[in-house]
Amino acid sequence: MAIFVDQHTKVIVQGLTGGQGRFHGLRNKAYGTQVVGGVTPGKAGQDVEGIPVFDSVEDAVKATGATASFIAVPPKAAPAAILEAARAGIGFVVCITEGIPAQDEARVFATLQRDFPATRLLGPNCPGIISPGKCNIGITAGEIAQLPTASGPNVGIVSRSGTLTYQALYELKQQGIGVSTCVGIGGDPVPGTSFVDCLAEFQADPETHAIIMIGEIGGSAEEEAAEFITNHVTKPMSAYIAGVTAPAGKKMGHAGAIVSGGKGTAQGKMDALRMAGVKIGLNPTEAGSLMAEIVNNLR
Amino acid sequence: MDLFEYQGKQYFAKYNIPVSAGGVALTVEEAVVEAEKALYPVVVKAQVQVGGRGKAGGIKLATNADEVRLHAGNILGMDIKGHVVKRVWIEHASDIAEEYYASFTLDRAAKQHLLMLSAQGGVEIEDVAAKDPTAIVKLHINPIVGLPLATARQACIDAKIPEKALDGVADMLVKLYECFTKGDCDLAEINPLILKPTGEVHALDAKVSLDSNAAFRHPEWEEYAATEELDAREQLAREKNLQYIGLDGTVGIIANGAGLAMSTLDVVNQVGGSAANFLDIGGGANAELMTAALEVINSDAKVKSIFINIFGGITRGEEVAKGIVEAVKRVTLRAPIVIRLDGTNAEEGRKILAEAGIPDSQLTSRPTMLEAARAAVALAK
């Protein structure tokens, strides 16, 4: 088991013929992901190293039976690409595109909620998702992810930050701890998938025995997660929140990472998670060490 | 990107939101010219992106040219909470019967737009919220439904906007919402939104923050970017296309990824140091990017040591190391570098760094983030 994606997931890449789509699409395929097709309007009939290209998501789904889509198109085109995938019946959409206007993200999210409730969007502006040994969609370097073991304990990772996601994978690999699934939800203001969505899945996944969460300043997603953990998560957790020293009113790289009006501070988030019983590391390595302790106790 | 009041008012005017006639001035003489155009009495308002202008003496009434000269002369160059006033906005003074508050933002928790409306305007909305939370009406708006006039009217009734101002404020809300959505604002706020004795409603102030991700469909925003207040380091970073925020500490920071960069600041702080900046060079870390980053850090006289924190995911360790070696050769550094290189092929990368022939006084390598932070902080002391 894993969450959201596994060895049965069939993936198409929207923007496969573009620079990013080709590079990461082929890497995902090389990892062992079932990358069954690509979509670029006007390029039907072509192929990218053997992966067939279609004009539309609808055509690609009909021909390949794809269930997931990896969107690697520029910000102007991404909102339409997400909705096209949903319309074609894709159940899981991963959008790595950075720089989509917040107004567009809000409209896309509201449209998915109203018209396509069966479609889950991961991202935008996220590194993607990897269920080690089964499926890798996005830009994560698969080799830094430790394979899960049948007997466990295995750890689920959910993170708002790309590089800190890799860091978490790496820390667990150093400790020889298996990963069930690692989800990067992205740092934008309106993420399609939230911490809470992932925590609910990890809690229900028999292959996940403990969870690491990596948050950052801005918004209230970590506080909502803390409330959910209190009420619904029984698996042990460690967490790290980036941005303790971030000044107020400045966007720290991510469009969503901003402390404004005294809200969204790292301290507030850490306090909320600690209250929910989560072990808090003051840096990523410490969160990794805390997880190693948790896992050793489970063994 | 935050706009100055005058830019916000110009932006509002595009969406037919009534604002006072006026103009912006960089000098005392320009201020007089704008005042003559706006007709006396006028208000001379300091243009800074910080609250509390009035209390600091940055907003003055003038009834003739001499008074404009006096006030503009005092206000231009004034320091308001660390912001030096470079421009004043001169507008015709408005008679005020009542003051309200209205704003639109994105509520990230609800993933919907949020209208905040209050019949108590003219003061900080946080103060109103602290004193009497019921004085603020909060209404969520589904972005694919929008804000119909009838809904806006109901919000006004709920906020106890008086009958005489109801139509005017409701109409204003619809226009402000259009400005917020079509104008790609992160925030569109009017405080105070005034009712004049003559019965008209009017935006007496404008606070607008634009979503820079939407700049591609707003070529008109270029003029705003030109007046953005950046320090010299931030200006250089922008030219080099780097995500940079200037801070006050002594350890220069370069990291790949926003989260890792934030985390690096935190760790430096934890071990007793202070960061001079936030700098995210993004996923790649080639020689060009690294050179640009080092040039920006080098332009900061306060920097005593430089901490390069790279985690190789897609970017492999040896490529990063080659980039750093090349960059160090190109830039004459004023401070020593401590590097932590980890992730994919980190060992190969560290080997390249060790064998590059760069003296230890210029570059040292540490295997973990914490150890590297300690070394960088020690060098900065």
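All values reported here derive from a predicted model rather than from experimental measurement.

### Here we look at the domain arrangement of chain B
Part 1 of the argument: What the domain assignment reports for chain B is domain 1 (21-92), domain 2 (98-225) and domain 3 (232-380).
Part 2 of the argument: Between the C-alpha centres of domain 1 of chain B and domain 2 of chain B the distance comes to 26 Å.

### Here's the deal with the packing of helix α11 (residues 317-330) of chain B against helix α12 (residues 346-354) of chain B
Residue and element names in this part refer to chain B.
Part 1 of the argument: The N-to-C vectors of α11 and α12 enclose an angle of 20°; their axes lie 7 Å apart at closest approach. With respect to α12, the axis of α11 lies roughly parallel. In this structure, the crossing between α11 and α12 has a hand that is right-handed. Together, Gly317, Glu318, Val320, Ala321, Lys322, Ile324 and Val325 of α11 and Ala346, Glu348, Gly349, Ile352 and Leu353 of α12 make up the contact between the two elements.

### Focus on the domain arrangement of chain A
Residue and element names in this part refer to chain A.
Part 1 of the argument: Domain parsing of chain A yields domain 1 (10-122) and domain 2 (145-298).
Part 2 of the argument: Listed by partner, the interface residues are seven residues for domain 1 and eight residues for domain 2.
Part 3 of the argument: Only α4 (102-115) and β7 (120-122) provide two or more residues apiece to the side of domain 1 that touches domain 2.
Part 4 of the argument: Looking at which element gives the most residues to the side of domain 1 that touches domain 2, the answer is α4, with four residues.
Part 5 of the argument: Classifying every residue of the side of domain 1 that touches domain 2 by side-chain character gives five nonpolar, no polar and two charged.

### Overview of the pairing of strand β11 (residues 178-184) of chain A
Consecutive residues of a regular strand have side chains that alternate between opposite faces of the sheet.
Residue and element names in this part refer to chain A.
Part 1 of the argument: Among the seven residues of β11, seven are classified as buried, and the element is accordingly described as predominantly covered.
Part 2 of the argument: The pairing of strand β8 (residues 128-131) with β11 spans three bridges and is classified as antiparallel. In the sheet register, Ile130 faces β11, and the bridge partner there is Cys182.
Part 3 of the argument: Handedness of the crossover joining strand β10 (residues 154-159) and β11 through helix α5 (residues 162-174): right-handed.

Parameters at a glance
- Residues numbered from 1 in each chain as written.
- Chains lettered and ligands numbered in written order.
- Predicted model: local features only at pLDDT ≥ 70, side-chain atom pairs only at ≥ 80, totals over all residues.
- Domains from an automatic or database assignment.
- Axes fitted to C-alpha atoms, helices over the stretch in contact; angles between N-to-C directions.
- Helix = DSSP H or I, 4+ residues; strand = E, 2+ residues; numbered from the N terminus.
- Parallel < 35°, antiparallel > 145°, perpendicular 65-115°, else oblique.
- Left-handed = near helix turned anticlockwise from the far one by under 90°.
- Contact = placed C-beta atoms within 7 Å.
- Nonpolar A, V, L, I, M, F, W, Y, C, P; charged D, E, K, R; others polar.
- Buried ≥ 20, exposed ≤ 12 C-beta atoms within 10 Å, placed from the backbone.
- Pairing = 2+ DSSP bridges.
- Right-handed = clockwise from strand over helix to strand, strands pointing away.

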